[in-house]
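# Examination of the molecular architecture
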Amino acid sequence: GAGVSQSPSNKVTEKGKDVELRCDPISGHTALYWYRQRLGQGLEFLIYFQGNSAPDKSGLPSDRFSAERTGESVSTLTIQRTQQEDSAVYLCASSRTVQETQYFGPGTRLLVL
Amino acid sequence: RKEVEQDPGPFNVPEGATVAFNCTYSNSASQSFFWYRQDCRKEPKLLMSVYSSGNEDGRFTAQLNRASQYISLLIRDSKLSDSATYLCVVLSSNDYKLSFGAGTTVTVRA
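The present account deals with the structure reproduced in this document. (Residues numbered from 1 in each chain as written. Chains lettered and ligands numbered in written order. Predicted model: local features only at pLDDT ≥ 70, side-chain atom pairs only at ≥ 80, totals over all residues. Heavy atoms only, no water.)

### Some thoughts on the pairing of strand E4 (residues 31-37) of chain A
Every regular strand shows the same layout, with side chains that alternate between the two sheet faces. Residue and element names in this part refer to chain A. Counted residue by residue, E4 has seven buried out of seven residues, so it is predominantly covered. With burial as the criterion, each face of E4 is covered, one bearing Ala31, Tyr33, Tyr35 and Gln37 and the other bearing Leu32, Trp34 and Arg36. Across seven bridges, E4 lies against strand E5 (residues 43-50) in antiparallel orientation. Paired with Arg36 across the two strands is Glu44, which belongs to E5. Here E4 hands over to E5 after five residues, with Gly40 in that stretch at a positive phi of 75°. Looking at chain direction, E4 and strand E9 (residues 88-95) are connected through seven bridges and run antiparallel. Within E9, the residue paired with Gln37 across the bridge is Val89. (Buried < 20%, exposed > 50% of the residue type's maximum accessible area, 1.4 Å probe, protein only. Helix = DSSP H or I, 4+ residues; strand = E, 2+ residues; numbered from the N terminus. Pairing = 2+ DSSP bridges.)

### Some remarks on the sheet that holds strand E1 (residues 5-7) of chain A
Remark on secondary structure: sheet strands pair via backbone hydrogen bonds, oriented parallel or antiparallel. Residues and elements named next belong to chain A. On the basis of which strands lie adjacent, the open sheet formed by four strands has the order E1-E3-E8-E7 and antiparallel pairing. For this open sheet the edge positions go to E1 and strand E7 (65-69), each flanked by a neighbour on one side alone. Adjacent strand axes in the sheet meet at a mean angle of 15° when their direction is disregarded. Across three bridges, the pairing between E1 and strand E3 (residues 19-24) is antiparallel. Looking across to E3, one finds that Gln6 is bridged to Cys23. (Axes fitted to C-alpha atoms, helices over the stretch in contact; angles between N-to-C directions.)

### Quick word on the state of the cysteines
Think of a disulfide as a covalent bridge from one cysteine sulfur atom to another cysteine sulfur atom. Residue and element names in this part refer to chain A. The tally for this structure, following the rule as stated, stands at two disulfides over all chains. With a sulfur-sulfur separation of 1.9 Å, Cys23 is cross-linked through a disulfide to Cys92. Classification of the bridge connecting Cys23 and Cys92 rests on its S-S torsion, roughly -65°, and on that basis the disulfide is left-handed. Placement of Cys23 in strand E3 and of Cys92 in strand E9 is noted, with a sequence separation of 69 residues between them. Comparing Cys23 with Cys92, the two get one shared label, buried. (Disulfide = S-S within 2.5 Å.)

### Points about the sheet that holds strand E3 (residues 19-25) of chain B
Residue and element names in this part refer to chain B. Taken in spatial order, the five strands of this open sheet run E1-E3-E8-E7-E6, and their pairing is antiparallel. Pairing within the sheet leaves two strands with one partner each, and these edge strands are strand E1 (4-6) and strand E6 (55-57). On average, each strand axis in the sheet is inclined to that of its neighbour by 20°, with strand direction left out of account.

### A look at the packing of aromatic side chains
Evaluation of the coordinates by the stated rule reveals 14 aromatic pairs over all chains. Both rings, one in A:Phe104 and one in B:Phe100, keep their centres 5.8 Å apart while their planes meet at 80°; by these two values the pair is edge-to-face. You can see A:Phe104 sitting in strand E10 (residues 103-104) and its partner B:Phe100 sitting in strand E10 (residues 98-100), one on each of two chains. Comparing A:Phe104 with B:Phe100 shows no difference in burial state: the two are buried. Of the aromatic side chains, those joined through ring pairs into one cluster are A:Tyr33, A:Tyr35, A:Phe45, A:Tyr48, A:Phe104, B:Phe34, B:Tyr36 and B:Phe100. (Phe/Tyr/Trp six-rings, centres within 6.5 Å; stacked < 30°, edge-to-face > 60°.)

In structure tokens, the structure reads:
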């Protein structure tokens, strides 16, 4: 079946612009997660959704970051007024329930100039 | 202290060799454990879950030691295709959050 998909696959933007990243989870997966991975570093948890609600937003780096999920499906991660330090790969993962294995999408590579 | 710590390596081994490495976790409430594999510029992919009794999947063996709070991965008869970064992943039962280690890099040479 189809895996997790993310779009765009690559995004280059100018400092100060807003960007929106999209994640389509595996159909039927109730849990959805966003992570950030800077070059050569490990995964950094950002936020997760259980259904459409986000019980844990503790990983969001600043108030410039927000995420939403609708219809227990697609999620968008929005970064406002991007900064150069936001440059990273943003990975989305989904799981059938919060306790089960997470499957990752291919990521969106964001470069802020 | 990081929630999950791994030896970053790199572990450089010849084809056919056995390589093993550990990861330690700090949260005693952790309930599920996984090894993921990440190739360069690719997303992490599940390699195997780790069960309390230890488990084997082909050339890969995972062990869990709850008392000492560590997980191990052993790769037998290494192949060139095993070259990757291996991520230790721990799920907390408190908040169902996955914590990732920074990864152990393994390079298998011909």
